[in-house]
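# Reading the structure
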Amino acid sequence: MIREIIPVSSLEDALDAIHDGTCLIAGGTEVNRLGSPRENDAVIPIDRLLPREIIREGRRLTIGAGCTLQDLCDSTEAPVVIRSAAKRAASRTLRTMATVGGNIASRRDDSYLNAVLTSYGAILTVLKTEGARRVEIEEYLLHPQGIILEATVSDVTMPAAFRRISRSSQGPCALVCAVGYDLAAQRWRAAASATSLGTQRLFWVEALLQEPQIPEAEAITRAAGGEWSPAPDVAGSREYKQYLLGVCIRECAEEIRRTGS
Amino acid sequence: MKLKINGVEKEVQAYPGEVLQRVLQREGYRSVRDSDDREGFAGSDTVLLDGKPAYANLVLAAQAEGREITTAESLGNPRKLSVVQQAMVDSGVVQSGYNAPAAALLITELLHRRPGASREEIIDALSGLLSRATGYMQYIQAAELAQARLQDPSYTVSATEEFCDDLVHVGKVREKVDARKLVTGQRAFVEDMVEPGSCVLRMLRSPHAHAYITDIDTGAAEALPGVYLVITWENCPDIYYGQAGQGFPEPSPYDRRMFNRKLRHVGDRVAAVVAENEEIADKAIQLIRVSYEVLPPVMTIDEALKPGAPAVQGGEVTYVSGAPEDLDAYNRDSDPREGKIIYQFPIGADPKRNIAASVSGSVGDIEAGFAEADTVIEREYVTSQVQCTPLEPHVVYAKMVDDKVVIHASTQVPFHLRRIVAKALGISENRVRVIKERIGGGYGSKQDILLEDVAAYAAYTTGRGVYFRFSRVDEFTANSTRHPMKISVKLGATTEGKLTAVQMRVRANTGPFGNHCLTVPMNACSKSLPLVECPHMSFEVVTCYSNIPPTGAYQGYGAPKGSYAMMTALAELAVELGMDPLELVQRNRIRKGSVLEILKCLGEGREGAAATVESCGLDEALAQGAELIDWGRKEESGDPDIRIGKGFAMVQQGSGLPGLDQSCADIHMLGDGSFMLHSGGADLGTGLDTVSVKFAAEVLCVDMDQVSVISGDTDITPFDTGAYASSGTYFSGGAAMLAARDLKEKILEAASRMLGEPASSLELRRPGTIAGKTSSVSFLDIARFTQSGTGSGELAGYGCFTTEHSSFPYGAHFCQVAVNVKTGEVAVQKYYALQDCGTPVNPDLALGQIYGGVLKTIGHSLYEEMCFNEEGRCINPTLRDYGVPMITDLPQDFRAKLVFTDDPHGPFGAKSVAEISCNGASPAIAQAIHDAAGVWMRRWPFTPEQVLKALGKISQ
Ligand SMILES: Cc1cc2nc3c(=O)[nH]c(=O)nc-3n(C[C@H](O)[C@H](O)[C@H](O)COP(=O)(O)OP(=O)(O)OC[C@H]3O[C@@H](n4cnc5c(N)ncnc54)[C@H](O)[C@@H]3O)c2cc1C
Ligand code: FES
C-alpha cells in the first residue's frame, strides 16, 4: 500500500519533493495497480496541477500531460492514428483515469502511445530543476527525468500507421509497432514496443525503408534477428515477435504509401 | 477526510495511502467490490468520479477528496429500480451478479453521456467489465432496452422468445427472484456476512512443485501478538479426505489431509495463520521458517507416465471395498511421508506409477469395425489447463454458534461440504451448518472444497469467526482447473461415409490430487461417443498424477475436450473422404429413438446402462444453424491475406446423474395462504431458485410472488447432491415440482373436508382457489382452517427427485472465422449456438448461460492459457495476462437460440442448458480455421503463433 501522500501546490514543489522512495501520481492506474513497483512509495499527487488541454495550431498539436487517454481518443484535433493508439489501451474505464503523461512515463513494454508518438517524432516538454526543457520522446524514454508537461507533434498531417498484435483484445500484446513518414525531411520513422525492450526507435528499420522499394517482410524479420531481440513471454516466442515485426512494419509502410495518410 | 459520496458529504477515516474501494466498503457501499486485487481489469470496483467511470481500487481515497463520487447505491433500491437496473433484470443479465451494480453504473453513465448510443458505444462503455457468466450479449440488449425505455417509458418489447402457451410461468420471461437484490448491490455474498471482530486466515503456500517439508518452525509466528492459531501438517487432524464435492461414496480418492508433509504443487498448503487482521497474518506468515527437501517435479502426462517417474502420490493405499489381493505387497515400501490414499472402491488406480484412475470399455468388435472400413484416420488433440476465473474468488466465513460450526459459503455443494468438513474435523454432521450465500460465479470450481475445511477447523479450534478469501494469485495456483488432456480419436468409415468403428483414448492430467480424476476424463468419452451411431466403439481413459496446480470440475466436466477431439476428428475424416462434414454427421448422428449402447460401459464408477434418446432437437438445430450461416457458401474477404471459413459441431450433455443424484425440497403453506419453499439446491447464479419458484407457482396456480424460497442451507433445507453435472433444473427443480404436487394433494384434501366434497371433484384455480361444485375456498381459508386449534396442522409437501432416466440436451453450434494468414490472427465473425434444453424454463436466463458457455470456450480455444516456468510456477496469474475474453472480444454476430423439445422425463419437459454450451466452440472454430486456411489446429489454444506454425510461416 502507498505509504504516504505528499501534498504539493505547484509542479515546482512536486519536482522538489521527488526523492528515492517518492513518486509522482497522476491517474494512479500504474502506481496503485497490483504488483506496482511503487507499492511502498510516498506519492506526490500532480493530477490537478498538470495542463489538460489538447491544442491544435496549424499542423502542430500539443497534448497536455494531464489529459486522459480518453480525452485524447475524443479529441477531434488529434490525428486518427494517435487517437486510435490511445483507444487501444485496455478499457474505457482505464482510459478515463490514465493520463498521457503517466502513460509515457510508465515506459511500459506495451505502450501504444509511446510507439506512435515516437513514429511522429514527438517532443516532450519536461519540467526539470533547471526549468522547462524540450526533449525528444525517445530521449526521454531512455533517460526519464522531470515532470512531463506536454507532448508536441509538429506535423499532424504526417502519414503514420500502427499495428498491435495480441491474442485477445485486452490481453498482453506480442508487438506494437508504428511507422511514420516525415514529408518535409522525406524520411521514415519507425518504432516498436515489446517485452524486455520497451519502446525503441528502430533506426535500422528506417534505413531499410529508405530504399526505393518497401522491403519484404522477410528481409525486415531477418534483419531483426541481429538488431531487435525481445524476450519470449506469454504473448509469444522471440522468433514469432521478430516475424511479426517484419509483417507489421511492411503493412504499415504499405498503408502509408497507399493512403498517403 | 471528507468525501462526497452520492451527493452527500461524509467524514470518513482512511489510512494515508488507502485506495477508495477499501474506504467505500468500510462505509457500507457494498456495490464497490473487487475481483482481482487491484489489477484494474475486472471492473467490480467501478464508481463514477465527477461523472466519469473509475476503478475505485486504482484511486487513492485522498485523490477523490473534493470530487463527486457516485456508486451504484445511488441508482435505485430493490423496491424501486432505476430504468437501467430494471432493463438489466428484464434482459436476464443479472445472473451471478457480482459486478452487476458496476454494469448498471456504466450503462447509466453511457446513456447520460450519449443518448442514442450505438452498439459500438455500448461495447466501449462496458469494455472495463469482466463477465464470465453470461457472455456480455445481454448487457448490450439491456443497454438498448434501457435506451428505448428512456425515450418511451411504456416500451415493453422483450427480445426473448417465450414458450409453452399452456403454462403461466414456465417458459416465460420473469424476474429472477434474486435479481433486484443483486443489481442494487445489497448484502448477498459471503464477504457481506463477516462480522466485526472476526479474524482473517492467510495461507503460506509451497514455493516448490514437489517437495517434502523437512522442518517447520512456527514459534515466532505463534508468539506474534494477534496471532491465534497456526496450522501445519504437524498439528492438523490426521484424517484423510478428498476435496471433490461428489455424492458418497465418491469415485475420487481420499488422497490428502488438511495439511500434508509432502507438497505436490506450487501453491500447495504449507501453513495457515489465523490472526486479528491481514497485516498481522502477513507478518506471521513471513516468520514461519520451513526447510524443504526438493524433489524433481513431474509436469506433463508423458513425464508422469514414464517408467521410473517419481511418484506424486506414493503413499499407502487402502480400499473401503474391492481391495485387490496383492495390496500388502503393493504397500510394502510406501514412504510414510507420502501419506495415504483411501479408495471407496477400485477406480483402476496405480498411484505408484502415477496412475490416478483408469477405465476402458467397448461395444461390438472394434478391430472388426476397422477391418470393415475403407478409410481409417487417427488423430491426437491436446487441450490445455484453463481457469474458471469466477469474479468472486473462493471465499468462506466460518464461525461458532454455540457448539456448531456455521459456514457461510460460496459453494455449489452445501451438503457435500457439510459432510466433508464434518469428516475433516472429526465431528458429526449435525454440528456443522452450511449456509450457501449468493455465488459470484463458480463454473465448477466451487464444487470442490478448497478452503472451507481449513476455515471451519480454525473457527472450531479458536472459537472465533474466521474469514478466508483467495487472492487472484491463489485462484491461479490453488483453484481447480480443467484437466489438460491428450485425446486420440481413431475413426473407420466406408466410402459412403458410414462409420464402422470409433475409438477414443484419453490421457488426462489430474495434477497433485485425484479430485474428479475418474469422472471428468470419462465424461470426455460419455458426452461425445454417444453422439454417433456406430456398432463398434471403444474407449480407454488413463488419468495421471502430476505436480501441476490442481484440476477438478469445470463447466462441461470433460465434455468440451472430448467434443473438441471427436467433432474435429469427424471433420478431418470428412475431408479425407471428400465429403461435406455436415453431411458426414447427418449420416451418422443419433436421432430420437436411438439406443446409446456405449453408456453401458460409462457409468461413473459403477455399472452404467444403455439409454434411449427420448427427446432430441438435433434435426432442427442443425437445419436452422446451417441456414443461418449459409452453410456450403464460400465467403471471400476481398483481401488475399484474410481467409474466411465456416465450421460447426453438434453437442450433447446430460441432465444430472440418473441413479446417483438426489434432490429434495419441501414447501409449506403459511398463515395467509402464501408459500415457503425449502430447496436443497444450490443456485450459483444460474437462476435455479427462480426455476424452483416457477415450478411451485405453476403447480399451485399462484403468482410467483406468493412463493418464497430458501435454498442451500443445510440446517433448514432438505438434502440435495448439489449444483453440478447439469442437475439444477432437472433434479433440484424437479424436487420443487414434486414437493408442490404433494402439497397440492394435501390442499385438496383439506378443501374437501371444508367443502364436504370429494377431493376428486375439486379443482385448483388461479389465483389460489379451490373450486367445488357449489362453492369454493381460498388458500387463505385453507391456511386458517388447517392452522386453527382444531386443524390438522400446517400443510407441507415434500418432494424427492431421483430417476433412472437420462434426458440429454443437444445442440448445434456454427461459426464463421476470418484467418489472417500473415499474422495468424483468428477473428470469430459469426457464432450461432442452437440448443435444445427441452422446455426452456427461464428462456432469458438460458440464453445468458449459452452465451456465457460459448464465450468461455472461445476463450479456451483462442486466448486463455496457464503458462508455467520450469519450476512449475504459473507465470501469468492475472486475469489480463491469462487472457479472459472481454466484451471487446465478442463475435461480431453472436446469437443463441433455443430449440424447443418436450422431454418426457424432465420437470415440465425441461433438460439442462448451461454446461452443454461449452462443448461447441472449440471444434467449430478448429473446423472453420481449416476451412479458411487449410490447417488443422490440434492443440489448445489456437493462438496466432500456433496458426503461423501450422501454416509453416515460423518454425514449429
Ligand atoms: C489492466 C491494465 C491494462 C493496461 N493496458 C495497457 C496497455 O495495453 N497499453 C498501455 O500503454 N498501457 C496500459 N496500461 C497502463 C496504463 O495505460 C497506465 O497505467 C497509465 O497510462 C498510466 O497513467 P496514470 O496517469 O494512471 O499514471 P500513474 O499511475 O499516476 O503514474 C505512472 C507513472 O508515471 C509517473 N508519472 C505520472 N505522471 C507523470 C508526469 N506528468 N511526468 C512524469 N512522470 C509521471 C508516475 O510517477 C509513475 O511512475 C494498462 C493498465 C492496466 C491497469
Ligand atoms: S481492481 Fe477492479 S475489480 Fe479489482
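Residues numbered from 1 in each chain as written. Chains lettered and ligands numbered in written order. Predicted model: local features only at pLDDT ≥ 70, side-chain atom pairs only at ≥ 80, totals over all residues. Heavy atoms only, no water.

## Brief notes about the packing of helix α16 (residues 559–577) of chain B against helix α17 (residues 581–588) of chain B
Residue and element names in this part refer to chain B.
- Running from amino to carboxyl end, α16 crosses α17 at an angle of 110°, the nearest separation of the two axes being 8 Å. Comparing the axis directions of α16 and α17 gives the class roughly perpendicular. The hand of the α16/α17 crossing is right-handed. Judged by residue contacts, Met567, Leu570, Ala571, Leu573, Ala574 and Leu577 of α16 engage Pro581, Leu584 and Val585 from α17. (Axes fitted to C-alpha atoms, helices over the stretch in contact; angles between N-to-C directions. Helix = DSSP H or I, 4+ residues; strand = E, 2+ residues; numbered from the N terminus. Parallel < 35°, antiparallel > 145°, perpendicular 65-115°, else oblique. Left-handed = near helix turned anticlockwise from the far one by under 90°. Contact = heavy atoms within 4.5 Å.)

## Let's talk about the site of ligand 1
- As a structural note, the neighbourhood of ligand 1 is formed by 31 residues, with Leu24(A), Ala26(A), Thr29(A), Thr99(A) and Tyr112(A) the closest of them.
- More than one chain reaches ligand 1: its neighbouring residues belong to chains A and B.
- Within the contact set of ligand 1, an oxygen atom lies 2.6 Å away from a side-chain nitrogen or oxygen of Thr29(A).
- Contact distances for ligand 1 include 2.8 Å between an oxygen atom and a backbone N or O atom of Glu30(A).
- Considering ligand 1 on its own, with 960 Å² of exposed area, one finds that the protein chains cover 95% of that surface.
- Taken together, the elements giving at least two residues each to the shell around ligand 1 come down to β2 (22–25), α5 (100–106) and β8 (147–153) of chain A.
- Each residue belonging to the shell around ligand 1 can be placed in one class, and the counts come to 15 nonpolar, 11 polar and 5 charged. (Near = heavy atom within 4 Å. Polar contact = N/O pair within 3.5 Å; in protein donor to acceptor, adjacent residues only side chain to side chain. Areas by Shrake-Rupley, 256 points an atom, 1.4 Å probe, with all protein chains shown as cover. Nonpolar A, V, L, I, M, F, W, Y, C, P; charged D, E, K, R; others polar.)

## A look at the confidence of the model for chain B
- In this model, chain B carries an average pLDDT of 96, and 100% of its residues clear a pLDDT of 70 or more.
- With a pTM of 0.97, the predicted complex shows an ipTM of 0.97. (pLDDT = per-residue confidence, 0-100.)

## Regarding a negative patch on the surface
- A contiguous patch of negative charge on the surface is contributed by Asp215(B), Asp217(B), Glu222(B) and Glu234(B).
- Note that Asp217(B) resides in strand β7 (residues 211–217). (Patch = residues over 30% accessible without salt bridge, like charges linked within 9 Å, V, L, I, M, F, W, Y side chains within 5 Å. Salt bridge = Lys/Arg side-chain N within 4 Å of Asp/Glu carboxyl O. Lys, Arg positive; Asp, Glu negative; His and termini not counted. Charge placed at Lys NZ, Arg CZ, Asp CG, Glu CD.)

## Here we look at the sheet that holds strand β35 (residues 893–898) of chain B
All names here are of chain B.
- Ordered by their spatial adjacency, 4 strands build an open sheet running β25-β33-β34-β35, and the pairing between neighbours is mixed. Because the sheet does not close on itself, it has two edges, and the strands there are β25 (642–652) and β35. Ignoring which end each strand starts from, the neighbouring axes of this sheet average 10° apart.
- Here strand β33 (residues 810–820) pairs with strand β34 (residues 826–836) via 10 bridges, running antiparallel. Of the residues in β34, the one forming a bridge with Ala812 is Leu834. (Pairing = 2+ DSSP bridges.)

## Some remarks on the nonpolar core
All names here are of chain B.
- Judged by nonpolar contacts, the single largest core of 216 residues is most densely connected at Met88, Phe675, Ile747, Ile770, Ile782, Ile858 and Ile925.
- Tallying contributions element by element places helix α20 (residues 728–755) first for this core, with 13 residues.
- Those residues in contact with Ile770 that lie beyond four places of it in its chain are Ile747, Leu748, Ala751, Leu755, Leu762, Glu763, Leu764, Ser775, Ser776, Val777, Phe779 and Ile782.
- Of all hydrophobic cores here, the second largest spans 60 residues; its members include Ile213, Val270, Ile288 and Ile427. (Core = buried A, V, L, I, M, F, W, Y, C linked by side-chain atoms within 4.5 Å. Buried < 20%, exposed > 50% of the residue type's maximum accessible area, 1.4 Å probe, protein only.)

## Notes on the interface of chain B and chain A
- With 56 residues of chain B in contact, the opposing surface of chain A contributes 47 residues.
- Contact between chain B and chain A buries roughly 4,000 Å² in total, counting both sides, with carbon and sulfur atoms accounting for 53%.
- In terms of surface lost to chain A, no three residues of chain B exceed Leu58(B), Gln63(B) and Arg880(B), which account for 16% of the buried area on that side.
- For the pair chain B and chain A, the interface holds 5 salt bridges.
- Note that Arg167(A) is salt-bridged to Glu865(B), the shortest N-O span being 2.8 Å.
- In this structure, the connection of chain B to chain A is made through 23 residue pairs in polar contact (both at pLDDT 80 or more).
- Of all elements in the fold, only β4 (52–55), α3 (100–113), α4 (119–125), α23 (879–882) and α25 (944–950) of chain B reach the threshold of two or more residues within the side of chain B that touches chain A.
- Considering each element in turn, the side of chain B that touches chain A owes the most residues, 4 residues, to β4(B). (Buried area = accessible area lost by both parts, 1.4 Å probe.)

## A closer look at the side chain of Arg132(B)
Residues and elements named next belong to chain B.
- Note on placement: Arg132 falls in the loop between α4 and α5 (137–151).
- At a separation of 2.8 Å, a polar atom in the side chain of Arg132 contacts the side chain of Glu864.
- The contact partners of Arg132, leaving out residues within four places of it in the chain, are Gln387, Cys388, Thr389, Tyr443, Tyr554, Gly852, Lys856, His860, Glu864, Tyr882, Val884 and Pro885.

## Section: the packing of α20(B) against helix α21 (residues 779–786) of chain B
Residue and element names in this part refer to chain B.
- Axis separation between α20 and α21 bottoms out at 10 Å; the angle between their running directions is 85°. It follows from the interaxial angle that α20 and α21 lie roughly perpendicular. Residues Ile747, Ala750, Ala751, Arg753 and Met754 of α20 lie in contact with α21, whose contacting residues are Phe779, Asp781, Ile782, Phe785 and Thr786.
- Tallied by class, the residues present in the contact of α20 with α21 amount to 7 nonpolar, 1 polar and 2 charged.

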